[in-house]
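The residues making up each chain are set out below.
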Amino acid sequence: MGWHTTMRRAKAKHRPELEDWEDDGLFEIFPAFVNSLSEDYEVFIPSQQDDEENGDGSSSNINTINSNARICEEIPAMVDAKTVTPQQFASEYEAKKIPAVIRNIPAGHDGGKEIPQWRALRDWGFFALENDPELRERAFKCGEDDDGNSIKVKLKHFLRYLQNNHDDSPLYIFDSAFEDDKIAKKILRDYKVPSYFKEDLFRLCSERRRPPYRWFLVGPERSGTSVHIDPLDTSAWNTLIHGQKRWVLFPPHVPKSVVKGRDLVRDDEDDEPVHYFMYILPRIKRKAAAACFCNAVLPEGSDYKDFACYEFTQGPGETVFIPNGWWHAVLNLTHTVGITQNFCSSRNFDEVWLKTRVGRKRLAWKWLCQLEIRYPHLANRAKAMNARDKFVMKYDPYVQEMMRNKEAAEEDGREQKRHKREEGEGKDDSDDKSSCSEGGDHDDDNDISNNTNDDDDNVKPSPNGTTGGSRPLYMSSTTPQLSYLDRSWKRSRSTQQTQSRPVSPP
């Protein structure tokens, strides 16, 4: 099967509703768009004062960069790997959540030291990839079908497609499984994780269990990634080996509804990355400027309050650092090859933990067990956040044992009620047959209601299987034991027992 047939089938699976991938004719007009982009790092923060200088009520400044923007830090910061140490980067950029562009890492500099050049500089060129006898035959992911299944094609077919397609928004190799076979493991030997990002707390989990976190990227021009925040609130780094990428960044406080610009997408338009950069992003900026022009002081509830966005072009050999929580989108201005990884460090741990405990419940419990052993101070931070938020970890064996005991106690209670009803019905039948008076003798010893206990309050959970003794990992030593567990576990007493108390472990 030739490359043309292979890629046609891949496109049909990826977007079956799209009949003509060249309908908008972006192949023809894209070069002019690229030439119109500034090579400088662009900051867009609309200022009502600048527009007022026109004196005619017009908003001619809407499409320009506001040189008087309120900027506390240069965004993105420019960092030279020849001189900046990992400690400096952590304290000055990562801890402050400042995006950065780091230069010279693949060329042989990292953390202020000289290192061997990345082999990727030699082996990831398009000609080299096409002639690699092993990699060219390996299938890489270039999309997903409607059911979320990966669509894979051989690299040799994709590279032919990359050079010859006229699609408005082409397919894009974004493969995270390149360590699954000995051939693709070669990619891991071609680069080295920069020293600035060595701390990777998810490595405490197995490769099988941890979320996808590194991707090999081969993108034709006009392909890219839509605006998003990285999963589980992780941070990311992205090193470009060949080509140019256009980035736009929005600070975490800018609302999702604004950065997505969904109300600005026309009925006959798509929201692919190429459409976003060429059409939707300029409308977002114009709307932000118009909102600021019409309201000298925007109200606190305004979606465009403190709006800001930052645009720049990444060149070969540059590494972009994206702090957690920052919105970003990427467009390939030329054919590109690169590598990217997401990570959790001690500086973004709190935000990642809050997302992971909800989004990946089983992983969160396994991770917490490992943190307890390797990084107890971080485990204590996680437990403190759980206690503060009254958050119960589903896969904590202690909690599971309590839930089993609770269910058993509830079943016992239901069984006792059934027996009581059956006894009452039997007693009524007996009274009718003996014609006893309503106030006759009554055997108090058989009255279950006089001996009923609140089973939930008397549950004594077993600590078996609990890490760290009888107290769950998410409880600190100063936390009132189980006082914040789900309210369904603390059933109300009868009218004779109105004093409630938290269940204490044995």
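Preceding this section is the structure that the text describes.
First things first, this report covers the structure right here in the doc.

The rules behind these values
Residues numbered from 1 in each chain as written. Predicted model: local features only at pLDDT ≥ 70, side-chain atom pairs only at ≥ 80, totals over all residues. Heavy atoms only, no water. Helix = DSSP H or I, 4+ residues; strand = E, 2+ residues; numbered from the N terminus. Expected span 1.5 Å × (residues − 1). Buried < 20%, exposed > 50% of the residue type's maximum accessible area, 1.4 Å probe, protein only. Arc of directions from axis to C-beta. Contact = heavy atoms within 4.5 Å. Axes fitted to C-alpha atoms, helices over the stretch in contact; angles between N-to-C directions. Parallel < 35°, antiparallel > 145°, perpendicular 65-115°, else oblique. Nonpolar A, V, L, I, M, F, W, Y, C, P; charged D, E, K, R; others polar. Pairing = 2+ DSSP bridges.

## As for helix H1 (residues 3-14)
Next up, step 1: When the terminal C-alpha atoms of H1 are compared, their 16 Å separation across 12 residues agrees well with the 16 Å that a helix rising 1.5 Å per residue should span.
Next up, step 2: Of the residues making up H1, those classed as buried are Trp 3, Thr 6, Met 7, Ala 10 and Lys 11. Along the axis of H1, the buried residues cluster in a sector spanning 130°; they form a single face.
Next up, step 3: Buried-residue contacts for H1 involve strand S7 (150-154) and helix H7 (155-164).

## Re the packing of helix H11 (residues 349-359) against helix H12 (residues 361-374)
Next up, step 1: H12 packs onto H11 with a crossing angle of 135° between their chain directions and a minimal axis gap of 6 Å. Viewed along their axes, H11 and H12 adopt a mutual orientation that is oblique. Residues Phe 349, Val 352, Trp 353, Thr 356, Arg 357, Val 358 and Gly 359 of H11 form the contact with H12, whose own contacting residues are Lys 361, Leu 363, Ala 364, Trp 367, Leu 368 and Leu 371.
Next up, step 2: When its residues are assigned to classes, the contact of H11 with H12 shows nine nonpolar, two polar and two charged.

## Concerning the sheet that holds strand S16 (residues 336-343)
Next up, step 1: Here seven strands make up an open sheet; going across it, the order is S2-S3-S14-S11-S16-S9-S8 and the pairing mixed. On the outer flanks of this sheet lie strand S2 (77-80) and strand S8 (173-175), each paired with one strand and no other. The average undirected angle you get between the axes of adjacent strands in this sheet is 20°.
Next up, step 2: Bridging between S2 and strand S3 (residues 100-103) involves four bridges; their strand directions are parallel. In the strand pairing of S3, Ala 77 is matched with Ala 100.
Next up, step 3: The strands touched by H7 within the sheet are S8 and strand S9 (214-219), with S9 carrying the most contacts at an inclination of about 45°.

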